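# Summary of the model geometry
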Amino acid sequence: AGPGLKVISTLSVGFDHLALDEIKKRGIRVGYTPDVLTDATAELSVALLLSACRRLPEAAEQVKSGGWTTWKPLWMCGYGLSDSTVGIIGLGRIGQAVARRLKPFGVRKFLYTGSGPKPESAAEFGAEFVPLTRLAEESDFVVVTCALTPATQGMCNKDFFSKMKKTSVFVNTSRGAVVNQEDLYEALAHGRIAAAGLDVTTPEPLPTDHPLLSLKNCVILPHIGSATYATRNTMAVLAANNLLAGLRGEPMPHELKL
């Protein structure tokens, strides 16, 4: 676009796809769409967690393939949320919204980690700020809702998965690059963790021959966290208004501070 480019408006809360250093150097303003997709993404995070821990896609496939025969006590058993410990990586808007939705399921304890403690946000859930290692060791469910930054890139790796319980479930609705997918595959394939649910991958779309797609204990969705009609419509209007305000030289409804 050259020197004519004055404003960028992204239809997303994430901005890791933007060359921020170059944008800042050129003095280009950036609009984004936080807040409006929080509820939809939190709902999807919970749906993905339940799908993975209660083996819903696997169970639905058994109905279609004829695997559903006589009743068997331990067939298709998974893990429940009641009396569990949930660890949230990144207790921001979406992390808090996830905790708010999971609390009524009878979660016993919430742990969280991030760039620093957030006592005011954590008070609602009685959540405890802990190091990443302890979160991995004690959580029955790990939900990743942090932003992708140099500090979080590849954070969920072999070392992290090796500290998790064999019965624990891992869910990522943040960004694919927060997870080392090869390490996740190894952990799932060798029973080091029970299951995983991913709404984000690296790359996107994930190639159809990717090893993760061969696993029964891994539920992968095509990055649909904010995909409700109402949310996407609100995001579109906000993105357009950000752009118009930027072109007029006015304050944007939601401008990224560079």
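Residues numbered from 1 in each chain as written. Predicted model: local features only at pLDDT ≥ 70, side-chain atom pairs only at ≥ 80, totals over all residues. Heavy atoms only, no water.

## A short note on helix α2 (residues 38-53)
Stated formally: Numbering of helices and strands runs from the N terminus; a helix is a DSSP stretch of H or I covering at least four residues, while a strand is a stretch of E covering at least two. In a helix, the anticipated span is given by 1.5 Å times the number of residues less one. Note on classification: 1.4 Å probe, protein chains only; a residue is buried when its accessible area is under 20% of the maximum for its type, exposed when over 50%, partly exposed between these limits.
With 16 residues, α2 extends 22 Å from end C-alpha to end C-alpha; this agrees with the ideal 22 Å at 1.5 Å per step. Of all 16 residues in α2, twelve are buried; the element is thus mostly enclosed. All of the buried residues in α2 are T38, A40, T41, A42, L44, S45, V46, L48, L49, S51, A52 and C53. The first or second residue beyond α2 is R55, which carries a positive phi of 60 degrees.

## Considering the UniProt feature "domain: D-isomer specific 2-hydroxyacid dehydrogenase NAD-binding" (unreviewed entry) in the protein chain
Definition in use: UniProt positions are given in the numbering used here, feature names are shortened, and annotations may be inferred rather than shown by experiment.
Per the UniProt annotation, the sites labelled "domain: D-isomer specific 2-hydroxyacid dehydrogenase NAD-binding" (unreviewed entry) are residues 46-225. This span, residues 46-225, is 31% helix and 15% strand, and a straight line between its end C-alpha atoms measures 10 Å.

## Some points on the UniProt feature "domain: D-isomer specific 2-hydroxyacid dehydrogenase catalytic" (unreviewed entry) in the protein chain
Here, UniProt's "domain: D-isomer specific 2-hydroxyacid dehydrogenase catalytic" (unreviewed entry) annotation points to residues 3-256. Within the segment residues 3-256, helix and strand shares are 35% and 13% respectively, and the terminal C-alpha atoms sit 20 Å apart.

## Details of the domain arrangement of the protein chain
Note the cut-off: Where each domain starts and ends follows an automatic or database-derived domain assignment. By the convention used here, residues are in contact when the closest approach between their heavy atoms is within 4.5 Å. Put simply, buried area is how much 1.4 Å-probe accessible surface two parts lose in total, over both of them, once they are put together. A side-chain nitrogen of Lys or Arg and a carboxyl oxygen of Asp or Glu constitute a salt bridge if their distance falls within 4 Å. Any N or O atom pair separated by 3.5 Å or less is treated as a polar contact, with the protein-specific requirement of one donor-capable and one acceptor-capable atom, and with residues adjacent in sequence counted only for side-chain atom pairs. Here the nonpolar group is Ala, Val, Leu, Ile, Met, Phe, Trp, Tyr, Cys and Pro; Asp, Glu, Lys and Arg are the charged ones; every other residue, Gly included, is treated as polar.
Here the protein chain is partitioned into domain 1 (7-32 + 228-256) and domain 2 (38-220). Of the residues lining the interface, five residues belong to domain 1; the matching set on domain 2 comes to four residues. Summed over both sides, the interface of domain 1 with domain 2 buries roughly 400 Å², with 54% coming from carbon and sulfur. The interface formed by domain 1 and domain 2 includes one salt bridge. The partner of R175 in a salt bridge is D16, and the shortest N-O contact between them spans 2.9 Å. Applying the counting rule to domain 1 against domain 2 returns one residue pair in polar contact (both at pLDDT 80 or more). The residue makeup of the side of domain 1 that touches domain 2, split by class, is one nonpolar, three polar and one charged.

## Re the pairing of strand β7 (residues 169-172)
Side chains on a regular strand alternate between the two faces of the sheet. Filter applied, for reference: For two strands to pair, DSSP has to find at least two bridges joining them.
With burial as the criterion, each face of β7 is covered, one bearing V169 and V171 and the other bearing F170 and N172. Pairing of strand β6 (residues 141-144) with β7, which is carried by four bridges, proceeds in the parallel orientation. Paired with V144 across the two strands is N172, which belongs to β7. Judged from the four bridges that link them, β7 and strand β8 (residues 195-198) form a sheet pairing that is parallel. Its bridge partner being in β8, N172 is matched across the sheet by L198.

## Description of the pattern of salt bridges
Counted by the stated rule, this structure contains 16 salt bridges. Between E22 and K25 there is a salt bridge; the shortest N-O distance is 3.3 Å. Of the two residues, E22 and K25 both sit in helix α1 (residues 20-25), three residues apart, roughly one turn of that helix. The class of K25 is exposed, set by a relative accessible area of 65%.

## Examining the sheet that holds strand β4 (residues 109-113)
Stated formally: Only the stretch in contact is used when fitting a helix axis, every axis being a line fitted to C-alpha atoms; angles between N-to-C directions are given from 0 to 180 degrees.
With parallel pairing, the seven strands of this open sheet are ordered in space as β5-β4-β3-β6-β7-β8-β9. Where the open sheet ends on each side, the last strands, each with one partner, are β5 (128-129) and β9 (218-220). Contacts from α2 reach β6, β7, β8 and β9 within the one sheet, and its direction differs from that of β7 by about 150 degrees. Contacting β7, β8 and β9, helix α8 (residues 181-189) runs over the sheet at an angle of about 145 degrees to β8.

## With respect to the nonpolar core
Here is the rule: By convention a nonpolar core is built from buried Ala, Val, Leu, Ile, Met, Phe, Trp, Tyr and Cys residues, the set being connected through side-chain atoms within 4.5 Å.
Core analysis: the largest hydrophobic core is formed by 29 residues, its most contacted members being L49, L81, V86, L102, F110, F141 and V169. The set of elements that each furnish at least two residues to this core consists of α2, β3 (85-89), α4 (93-102), β4, β6 and β7. The element contributing the most residues to this core is α2, with six residues. In contact with L49, other than residues within four places in its own chain, are L81, L102, F141, V143 and V171. I89, C156, L188 and L198 belong to the second largest nonpolar core, which has 25 residues in total.

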